[in-house]
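Descriptive analysis of the structure
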Amino acid sequence: MLLEEILQFNHKFVENEEYKPYETDVIPNKRAVIFTCMDTRLVELLPKALNLKNGEVKVVKNAGAILTNQHDSVMKAILIALHALQAEEVYVIAHHNCGMNHLDTENLIERMKIQGITDEQLNQFDSNAEDWLKGFESVEDSVKHSVSVIENHPLVPDDIPVHGLVIDPHTGKLDLVINGYS
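Here's what I pulled together on the structure shown here. (Residues numbered from 1 in each chain as written. Predicted model: local features only at pLDDT ≥ 70, side-chain atom pairs only at ≥ 80, totals over all residues. Heavy atoms only, no water.)

Moving on, we come to the sheet that holds strand β5 (residues 174-178). Judged by pairing direction, the sheet is mixed, and its five strands sit side by side in the order β2-β1-β3-β4-β5 without closing on themselves. Each end of this open sheet is capped by a strand with a single partner; those strands are β2 (57-62) and β5. When the angles between neighbouring strand axes are averaged without regard to direction, this sheet yields 25°. Where strand β1 (residues 32-37) lies against β2, six bridges are found, and the strand directions are parallel. Looking across to β2, one finds that valine 33 is bridged to lysine 58. (Pairing = 2+ DSSP bridges. Helix = DSSP H or I, 4+ residues; strand = E, 2+ residues; numbered from the N terminus. Axes fitted to C-alpha atoms, helices over the stretch in contact; angles between N-to-C directions.)

And the structure:
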């Protein structure tokens, strides 16, 4: 069982004080927050490709690095990073070959129904389930949209640069979509 494996490893990790090289405080040293995708390929690649170490930036993740609206929980995390944790800029970093690119929302909903999710459960959200669960057609356009939501949020100061990038999940190469300093 994975849980038992994790707990056994963790016990030894703490007992041997292997956490010491990662000790830091809550304020990001590089004063930035990164909003990115939860893709497993980015867990180690993204920080390495950006030359980031533990404690240097705040990282917020979701499926596809998609920010749908100003009330999204990701937006809340970005605002906390900016106003409570001294972040001074935002990076939206999506990636090529994302599972949210061309996501078959109808198939996803059918899979949910096979697993016992009912239409009543799907219809209890403020927005239409198909709209809420949809992906994107163009990763660059999705990044531009997320950047726009952040830049136009009434609680984000005008002097906060918001950058948009796309990373290759195989090589780590970054493509600049929006330079927030411009």
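Still to come is the rest of the account.
Another aspect to go through is the pairing of β1. With six of six residues buried, β1 lies mostly within the body of the structure. In terms of handedness, the path from β1 via helix α2 (residues 42-49) over to β2 forms a crossover that is right-handed. Inspection of the sheet shows β1 paired to strand β3 (residues 89-95) by five bridges, in the parallel sense. Each residue of the ladder has a partner; that of alanine 32, found in β3, is glutamate 89. (Buried < 20%, exposed > 50% of the residue type's maximum accessible area, 1.4 Å probe, protein only. Right-handed = clockwise from strand over helix to strand, strands pointing away.)

Between its first and last C-alpha, helix α1 (residues 2-15) extends 20 Å over 14 residues, near the 20 Å set by a 1.5 Å rise per residue. Buried residues are scarce in α1, accounting for zero of its 14 residues. One or two positions beyond α1, positive phi appears at glutamate 17, with a value near 55°. (Expected span 1.5 Å × (residues − 1).)

Our next topic: the layout of surface pockets. Taken as a whole, the largest pocket encloses approximately 440 Å³ of empty space. Taken together, 17 residues make up the lining of the largest pocket; nearest its centre are Val43, Pro47, Leu52, Lys53 and Asn54. Of all the secondary structure elements, the ones that give two or more residues to the lining of the largest pocket are α2 and β2. The element best represented in the lining of the largest pocket is α2, accounting for six residues. Roughly 220 Å³ of internal volume is contained in the second largest pocket. Along its surface, the second largest pocket is lined by Asn62, Ala63, Ile66, Thr68, Asp72, Met100, Leu103, Leu108, Trp132, Leu133 and Lys134. Of the residues contributing to the lining of the second largest pocket, the split by class is seven nonpolar, two polar and two charged. (1 Å grid on protein atoms, 1.4 Å probe; cavity = no way out; pocket = protein on both sides within 12 Å on 5 of 7 lines; lining within 4 Å. Points joined across faces, edges and corners; volume = space filled by probe spheres on them. Nonpolar A, V, L, I, M, F, W, Y, C, P; charged D, E, K, R; others polar.)

For the rest of this paragraph, the subject is the nonpolar core. Formed by 38 residues in total, the largest nonpolar core has its most connected members in Phe35, Ile78, Val90 and Ile150. Taken together, the elements giving at least two residues each to this core come down to β1, α2, β2, α3 (73-83), β3, α7 (139-151) and β4 (162-167). The biggest single contributor to this core is α3, with six residues. Leave out the neighbours within four places in its chain, and isoleucine 150 touches Leu67, Met75, Ile78, Val90, Val92, Val156 and Val162. (Core = buried A, V, L, I, M, F, W, Y, C linked by side-chain atoms within 4.5 Å. Contact = heavy atoms within 4.5 Å.)

Inspection of the secondary structure assignment puts aspartate 39 in the loop between β1 and α2. Here aspartate 39 falls in the buried class, since its relative accessible area comes to 15%. Here arginine 41 takes part through its backbone nitrogen, which lies 2.7 Å from a polar atom of the side chain of aspartate 39. (Polar contact = N/O pair within 3.5 Å; in protein donor to acceptor, adjacent residues only side chain to side chain.)

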